[in-house]
Amino acid sequence: MRLQDKVAIVTGGGSGFGAAIARRFAEEGAKLVVNDIDDTGGEGVAAAIEAAQGQGAALYVRADVARDRDMAHLVAAAIGRYGRIDIMVNNAGITHLNRPMLEVEEEEFDRLYAVNVKSIYLSARHLVPVLRRQGQGGSIINTASTAGIRPRPGLVWYNGTKGAVINLTKGMAAELGPEKIRVNALCPVAGDTPLLPRFLGGDTPAHRQRFVATVPLGRLSTPKDVANAALYLASDEAEFIPGVALEIDGGRCI
């Protein structure tokens, strides 16, 4: 059990990559706090974990990660239930529809940066003091994207948010490393998740084929791919690895 007796929060845990990460962590012995704004998805993932791992293995907490009050509530709920936090996966994210950059409205731009970037700032504000009080370090994992490494047309503002996530991950890792708080980022290529139709500008066989042709290993990412990478970064096996932007991309960024 690679995460035995650890407590992990996974934001955006009600579907896609977040759901897979939460389930994989639970399989390895962690207690999970599953966060989302989709009650059906979040409650379903928490219930599935408890059905597999036993009562008390998971808690669902509704919170909008772009709101300071909600993030404070999320962290407090984890402490209230389990008494500590060891791992935070800042996975919640959104995108705009793949389209020309000037067609994205200001309101959509602001929400994009609030969810994808500001949420990590808010997470740090409320989580890092907890990790410091505990005095045993911890692991923070931020979900970035290959879009932050090799930006493409049509997703300009989304690309920018993920570039910011990668940069702030490295800065956080440098600043928090002396306290044994490791900060890393996941950089998946597009996967078969609820966001895929927006990334592709419409989920059609032709759009998928055109995108997959740019991936040397010849497929999209899967939630399992991302969950396994997150598990490694969260585990003690990665205790000497901070500030990494791990590409889970089948070679797309080569």
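**Things to note about the pattern of salt bridges**
Think of it this way: side chains of opposite charge can pair up when their charged atoms draw near.
Argument step 1. Evaluation of the coordinates by the stated rule reveals 14 salt bridges.
Argument step 2. Between Arg-125 and Asp-68 there is a salt bridge whose closest N-O contact spans 3.1 Å. One end of the pair, Arg-125, is in helix α4 (residues 106-134); the other, Asp-68, is in helix α3 (residues 68-82), with 57 residues separating them in the sequence.
Argument step 3. Taken together, the shared-partner salt bridges connect Arg-24, Glu-27 and Glu-28 into one network.

**Thoughts on the packing of α4 against helix α5 (residues 156-176)**
Argument step 1. Where α4 contacts α5, the two axes come as close as 9 Å, and the packing angle between them is 15°. Classified by the angle their axes make, α4 and α5 are roughly parallel. The element α4 and its partner α5 pack so that their crossing is right-handed. Between α4 and α5, the contacting residues are Phe-109, Leu-112, Tyr-113, Asn-116, Val-117, Ile-120, Ala-124, Val-128 and Arg-132 on the first element and Trp-157, Tyr-158, Gly-160, Thr-161, Lys-162, Ala-164, Val-165, Leu-168, Met-172 and Leu-176 on the second.
Argument step 2. Split by residue class, the contact of α4 with α5 holds 14 nonpolar, three polar and two charged.

**Section: the environment of Gly-18**
Argument step 1. Locating Gly-18 in the fold gives a position in helix α1 (residues 16-27).
Argument step 2. Note: C-alpha distance between Gly-18 and Pro-151 (133 residues apart in sequence) is 23 Å.
Argument step 3. Beyond its immediate chain neighbours, meaning those up to four positions away, Gly-18 contacts Val-10, Gly-12, Gly-13 and Asn-91.

**Digging into helix α8 (residues 223-234)**
Argument step 1. Over its twelve residues, α8 runs 16 Å from end to end, which matches the ideal 16 Å to within 8%, given 1.5 Å per residue.
Argument step 2. Of the surrounding elements, those touching the buried residues of α8 are α1, β4 (87-90), β5 (138-143), β6 (181-188) and β7 (245-248).

**A short note on the nonpolar core**
Argument step 1. Core analysis: the biggest nonpolar cluster contains 33 residues, and Leu-74 and Ile-140 have the highest contact counts within it.
Argument step 2. Looking at this core, the elements that each hand over two or more residues are β1 (7-10), β3 (58-62), α3, α4, α5 and β6.
Argument step 3. Sequence-distant contacts of Ile-140, that is, excluding residues within four places in its chain, are made with Met-88, Asn-90, Leu-127, Val-128, Leu-131, Met-172, Leu-176, Ile-181, Arg-182, Val-183 and Asn-184.
Argument step 4. By size, the runner-up hydrophobic cluster in this structure holds 31 residues, among which are Leu-3, Ile-87, Val-226 and Ala-234.

**Describing the pairing of β3**
Argument step 1. Along β3, four of the five residues are buried, which leaves the element largely enclosed by surrounding structure.
Argument step 2. In terms of strand pairing, strand β2 (residues 31-36) meets β3 through five bridges, oriented parallel. For Asn-35, the partnering residue across the bridge sits in β3 and is Val-61.
Argument step 3. With helix α2 (residues 39-53) bridging β2 and its parallel neighbour β3, the resulting β-α-β unit is right-handed.

Criteria and thresholds
Residues numbered from 1 in each chain as written. Predicted model: local features only at pLDDT ≥ 70, side-chain atom pairs only at ≥ 80, totals over all residues. Heavy atoms only, no water. Salt bridge = Lys/Arg side-chain N within 4 Å of Asp/Glu carboxyl O. Helix = DSSP H or I, 4+ residues; strand = E, 2+ residues; numbered from the N terminus. Axes fitted to C-alpha atoms, helices over the stretch in contact; angles between N-to-C directions. Parallel < 35°, antiparallel > 145°, perpendicular 65-115°, else oblique. Left-handed = near helix turned anticlockwise from the far one by under 90°. Contact = heavy atoms within 4.5 Å. Nonpolar A, V, L, I, M, F, W, Y, C, P; charged D, E, K, R; others polar. Expected span 1.5 Å × (residues − 1). Core = buried A, V, L, I, M, F, W, Y, C linked by side-chain atoms within 4.5 Å. Buried < 20%, exposed > 50% of the residue type's maximum accessible area, 1.4 Å probe, protein only. Pairing = 2+ DSSP bridges. Right-handed = clockwise from strand over helix to strand, strands pointing away.

Any functional reading would require information that these geometric values do not contain.
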